[in-house]
Each structure stands twice: as structure tokens, then as C-alpha cells.
Amino acid sequence: MSGIYIHIPFCRQACNYCNFHFATSLSKKEAMLVAINKEIVLTAEDGKWLVNTIYFGGGTPSLMEVEEIATILNTIQSVYKVDGGAEITLEANPDDLTEEKLKGWRAAGINRLSIGVQSFLKKT
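The written sequence of each chain sets the order in which its residues are numbered from 1. Owing to the predicted nature of the model, reporting of local features is limited to residues with pLDDT of at least 70; listing and counting of side-chain atom pairs is limited to 80 or more, with chain, interface and lining totals taken over all residues. The basis for every side-chain value is the complete set of heavy atoms in the structure, and neither hydrogens nor water enter the calculation.

**Student:** Quick one: what's the story with the pairing of strand β3 (residues 81-92), residue by residue and with numbers?
**Tutor:** When DSSP locates at least two bridges between a pair of strands, those strands are taken to pair. Strands are runs of DSSP state E lasting at least 2 residues, helices are runs of H or I lasting at least 4, and numbering of each runs from the N terminus. In this sheet, β3 lies alongside strand β2 (residues 50-58) in parallel orientation, the contact comprising six bridges. In the sheet register, L50 faces β3, and the bridge partner there is K81. We call a crossover right-handed when, viewed with the strands running away from us, the connection from the first strand over the helix to the second turns clockwise. Where the polypeptide runs from β2 across helix α2 (residues 66-79) and back to β3, its parallel neighbour, the crossover connection is right-handed. Where β3 meets strand β4 (residues 112-115), four bridges bridge the pair, whose relative direction is parallel. Each bridged residue has a counterpart across the sheet, and for L90 the counterpart in β4 is L113.

Below, the structure is given as C-alpha cells:
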């Protein structure tokens, strides 16, 4: 079983417990997306591996636009053999969930969400 992990390093705010690389500014988002897609192509080894899982973690991948996630998935599918039943997961914060985004992610190929809850306190 082979899997691909895509780290999306952007967050709305810093969490004091987090040890992962992240940024609270989206100013470098476009450059990061270009780099992610380039790295996917450069490391593909001519479709040598059958991919069974794709995981978008972070950071907060649900901050990304649906089209940006779809572009990354299209890049993966263009250079890797992706199992038709592959589990494709996106980490999401509850605040980012809208019907439009959920439908867009599903259409793009996301078939599993990992919903992170940092607090059950409602922001006011």
C-alpha cells in the first residue's frame, strides 16, 4: 500500500500545542501550490507506485479553495496510478465547512474528512 501526504502549512491562528510547520499568512499560498505540484511531478518515478491513500494535512487544508485542492489531485492523478477505491482525506476545521465546499471537495475526489476540533467554545 502506497500513500501520498500533502502538507498544507496555512492556519487561521497559531495553536500553542502545535509542533508542525505552519504560517498564519496566506501571502505565500500561490508559490507553495506551485511548489507542491512541481514536487509531485518530480518525484513520481513514472507512475511506478499504485497509490491507495492521499492525505491532505497541515496546517489547515480546508482553508484552500476547492479548485486548489482539485489541481493538486489532478497533478497526482496525471503522474501516479491512483487506485479507484483510494481513500482521499482532507483535514478540516468545522468553521470552514460549507455545503458549497463539501460538494466541491466531493466532486474533486475527496471521500473522507478528518475534522479537527480544537475547542467546543463558540467564538463571539
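**Student:** An account of the sheet that holds β3 is needed here, citing residue identities and associated values.
**Tutor:** Strands sit in the order β1-β2-β3-β4 across an open sheet of four strands; the sheet is parallel. This sheet does not close on itself; its edge strands, each paired only once, are β1 (2-8) and β4. For this sheet, the mean inter-axis angle between neighbouring strands, taken without regard to orientation, is 20°. Note on geometry: axes are lines fitted to C-alpha atoms, helical ones only across the stretch in contact, with angles between N-to-C directions running from 0 to 180 degrees.

**Student:** Mind laying out the packing of α2 against helix α3 (residues 99-108), listing which residues take part and the relevant values?
**Tutor:** Viewed as axis vectors pointing N to C, α2 and α3 meet at an angle of 10°, and their least axial separation amounts to 9 Å. In terms of their interaxial angle, α2 and α3 are classed as roughly parallel. When α2 is examined against α3, the residues V66, I69, A70 and L73 are found in contact with a partner set consisting of K101, G104, W105 and A108. Residue classes follow a fixed rule: Ala, Val, Leu, Ile, Met, Phe, Trp, Tyr, Cys and Pro count as nonpolar, while Asp, Glu, Lys and Arg count as charged, and any other residue, Gly among them, counts as polar. A class-by-class count of the residues in the contact of α2 with α3 yields six nonpolar, one polar and one charged. Small angles under 35 degrees read as roughly parallel and large ones over 145 as roughly antiparallel, with 65 to 115 read as roughly perpendicular and the rest as oblique. We call two residues contacting when some pair of their heavy atoms lies within 4.5 Å.

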